[in-house]
Amino acid sequence: MAYWLMKSEPDVYGIDDLKRDKQEPWDGIRNYQVRNMFRDQMQIGDIAFFYHSNCKIPAITGLMTIVSGAYPDITQFDPESKYFDGKSDPKNPRWLLVDVKYKRKLKREISLKELKAHEQLQDFRLNQKGNRLSVIPVGKKEWDLILDLE
DNA sequence: GCCAACGTTGGC
DNA sequence: GCCAACGTTGGC
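Everything quoted here is computed from the prediction, not taken from an experiment.

Draft legend 1. Seen up close, the pairing of strand β1 (residues 3-8). In terms of burial, β1 is largely enclosed, as 6 of its 6 residues are buried. Burial along β1 is two-sided: Tyr3, Leu5 and Lys7 and Trp4, Met6 and Ser8, pointing in opposite directions, are all buried. As paired strands, β1 and strand β8 (residues 135-138) are joined by 4 bridges and run antiparallel to one another. When the bridges of β8 are listed, Trp4 appears paired with Pro137.

Draft legend 2. Region of interest: the protein's contact with DNA strand C. In the vicinity of DNA strand C, the contacting residues are Lys7, Tyr51, Ser53, Asn54, Pro58, Leu112, Lys116, Arg132 and Leu133. Taken together, the sugar and phosphate atoms account for 73% of what DNA strand C places within 4 Å of the protein. One of the side-chain N or O atoms of Tyr51 is found 2.8 Å from a phosphate oxygen in DNA strand C. Measuring from a base oxygen of DNA strand C, one finds a side-chain N or O atom of Arg132 at 2.9 Å. The residue inventory of the surface near DNA strand C, partitioned by class, reads 4 nonpolar, 2 polar and 3 charged.

Draft legend 3. Geometry of the environment of Asp89. You can see Asp89 is positioned in the loop between β5 (71-72) and β6 (96-97). For Asp89, a relative accessible area of 37% translates into the label partly exposed. For the pair formed by Asp89 and Trp26, sequence separation is 63 residues and the distance between their alpha carbons is 20 Å. Of the polar contacts made by the side chain of Asp89, one reaches the backbone nitrogen of Lys91; its length is 2.8 Å.

Draft legend 4. Here's a closer look at the protein's contact with DNA strand B. What surrounds DNA strand B is the set Tyr32, Gln33, Lys129, Gly130 and Arg132. Looking at DNA strand B alone, sugar and phosphate atoms form 61% of those within 4 Å of the protein. The side chain of Gln33 places a nitrogen or oxygen atom 3.3 Å from a phosphate oxygen of DNA strand B. Lys129 places a polar side-chain atom, nitrogen or oxygen, 3.2 Å from a phosphate oxygen of DNA strand B. Taken together, the residues of the surface near DNA strand B sort by class into 1 nonpolar, 2 polar and 2 charged.

Draft legend 5. Summary view of the nonpolar core. Core analysis: the biggest nonpolar cluster contains 40 residues, and Leu5, Met6 and Phe38 have the highest contact counts within it. When residues of this core are assigned to their parent elements, the largest contribution, 5 residues, is made by strand β3 (residues 47-52). Apart from residues lying up to four places away in sequence, Phe38 is in contact with Met6, Trp26, Ile29, Ala70, Leu96, Leu97, Val98 and Val135.

Draft legend 6. Expanded view of the packing of aromatic side chains. In this structure the tally under the stated criterion is 4 aromatic pairs. Ring geometry for Trp26 versus Phe50: centroids 5.5 Å apart, planes at 80°, classification edge-to-face. Taken as a pair, Trp26 in the loop between β2 (23-25) and α2 (32-40) and Phe50 in strand β3 lie far apart in primary sequence, 24 residues in all. An aromatic cluster of at least three residues, connected via ring pairs, comprises Tyr3, Phe49 and Trp143.

Draft legend 7. Seen up close, the layout of surface pockets. Taken as a whole, the largest pocket encloses approximately 490 Å³ of empty space. Lining of the largest pocket is provided by 16 residues; of these, Lys7, Ser8, Val12, Asp27 and Tyr83 occupy positions nearest its centre. Where the lining of the largest pocket is concerned, the elements lending two or more residues are β1 and β2. Split into classes, the residues belonging to the lining of the largest pocket amount to 6 nonpolar, 5 polar and 5 charged.

So, how was this worked out
Residues numbered from 1 in each chain as written. Chains lettered and ligands numbered in written order. Predicted model: local features only at pLDDT ≥ 70, side-chain atom pairs only at ≥ 80, totals over all residues. Heavy atoms only, no water. Buried < 20%, exposed > 50% of the residue type's maximum accessible area, 1.4 Å probe, protein only. Helix = DSSP H or I, 4+ residues; strand = E, 2+ residues; numbered from the N terminus. Pairing = 2+ DSSP bridges. Near = heavy atom within 4 Å. Polar contact = N/O pair within 3.5 Å; in protein donor to acceptor, adjacent residues only side chain to side chain. Nonpolar A, V, L, I, M, F, W, Y, C, P; charged D, E, K, R; others polar. Core = buried A, V, L, I, M, F, W, Y, C linked by side-chain atoms within 4.5 Å. Contact = heavy atoms within 4.5 Å. Phe/Tyr/Trp six-rings, centres within 6.5 Å; stacked < 30°, edge-to-face > 60°. 1 Å grid on protein atoms, 1.4 Å probe; cavity = no way out; pocket = protein on both sides within 12 Å on 5 of 7 lines; lining within 4 Å. Points joined across faces, edges and corners; volume = space filled by probe spheres on them.

Quick look at the structure:
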């Protein structure tokens, strides 16, 4: 089983939205690296941190489970969607997604500031400057360290 | 709101 | 295939 961190802007879709919806397609990914991770590496049963990005206090806020394999993101074919991609061929969809299921909220949010200050997390990908990937693989050691902060 | 970092696009 | 221009992400 693998561990992940997945970013979302709380103003758009936050941990409380997932708590309400219980399960949700993680749509809108328009980055090839992330698509490839969905397709080639993610497995049903993997666990992910829910991370709030681009907000007042960027932080890990909850846990969720990957509950599907990768399949086409239908928003790419919807001209009304902000994720519409006219260059994607319906016979060979360019963009994929996975379904995620709410697991739980953390007892307290673990902020990016706190993660960056952690001595043993200096190499953590989220802490690297200029890292814009919205889905990040997390090592078991890092995963445990972070959960211990809770 | 600013801007650094990075990805994508398209002319050549 | 190079690279300048442009767009997006996301911390601050």
